[in-house]
Amino acid sequence: MSNELADRYTEQNLIDPTSPAYLTYMLLEEPEMIEMHNKMIEESEETEEEKSDAEKIKSLSTEDDFFKRMRKPVAGRNRQRFYDAMKQNEGLITEMVKRRIMTSLNDNFIEAATAFFAKCEADHTQWIFDHYRDMRSPYTQSMMCLVLGIRGCHDIDAFLMKQELTFMETYPEERFEQGPIIALYLLHDMKEYLSLNK
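Enquirer: Give a description of the overall build of the protein that names residues and reports values.
Expert: Along the protein, the regular secondary structure elements total 12 helices and 0 strands. Across the protein, helices and strands are ordered from the amino to the carboxyl terminus as α-α-α-α-α-α-α-α-α-α-α-α. Going through the 198 residues of the protein one by one, you find that 47% of them count as buried. In the form shown here, the protein has an accessible surface area of approximately 10700 Å², with 47% of it arising from carbon and sulfur atoms.

Enquirer: Account for empty space enclosed by the protein, naming residues and giving values.
Expert: Tallying each qualifying case throughout the model produces 1 cavity of 30 Å³ or more. What the largest cavity holds in volume is close to 40 Å³. Along the walls of the largest cavity sit Ser 19, Pro 20, Ala 21, Tyr 139, Ser 142, Met 143, Glu 174, Arg 175, Phe 176 and Gln 178, which together make up its complete lining. Contributions of two or more residues to the lining of the largest cavity are made by helix H2 (20–29) and helix H10 (138–150). If one sorts the elements of the lining of the largest cavity by residue count, H10 sits on top with 3 residues. In terms of residue class, the lining of the largest cavity is built from 5 nonpolar, 3 polar and 2 charged.

Rules and cut-offs
- Residues numbered from 1 in each chain as written.
- Predicted model: local features only at pLDDT ≥ 70, side-chain atom pairs only at ≥ 80, totals over all residues.
- Heavy atoms only, no water.
- Helix = DSSP H or I, 4+ residues; strand = E, 2+ residues; numbered from the N terminus.
- Buried < 20%, exposed > 50% of the residue type's maximum accessible area, 1.4 Å probe, protein only.
- Areas by Shrake-Rupley, 256 points an atom, 1.4 Å probe, with all protein chains shown as cover.
- 1 Å grid on protein atoms, 1.4 Å probe; cavity = no way out; pocket = protein on both sides within 12 Å on 5 of 7 lines; lining within 4 Å.
- Points joined across faces, edges and corners; volume = space filled by probe spheres on them.
- Nonpolar A, V, L, I, M, F, W, Y, C, P; charged D, E, K, R; others polar.

On their own, these measurements won't tell you what the molecule is for.
Given below as structure tokens:
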């Protein structure tokens, strides 16, 4: 990244802290946010609904089980339980997640797939990059940019900056540009600009 471009990303306030990409990044990668989130959970009593959902997560055993669950919202203490379940069943669900993410328009599925690709053992960044342009949803594309940043996919500055510009021009109200912007900060060791205390 040139000095001119680096100045743009450091001197301007390009981060929208209310965007889905930023909130997803914080819950996956930012220790302070994770600690705050976990503390809030510990201080609250687990509801019967949460207990029931936790049991359902434990019982997930097939591709179809995971696909259906990924299409539903997940929050609170069950968010981490579900993400852990996806990671533990990586071999079972990887091909399903890849197949479904290409056409899904379901925000819950897209966000669950983002967490999966960001945290699973295998590195699927090359697959994401190779299939990016055929992904149906611009929200998927934005979140996959975020995954590329989290996983450290280097030498893609031009690609990410082009996606940022495309999203800003085509979807000016949707904040999809936040995915590639956050990825650029991550790839250039500028995490301090993503901090809660920046």
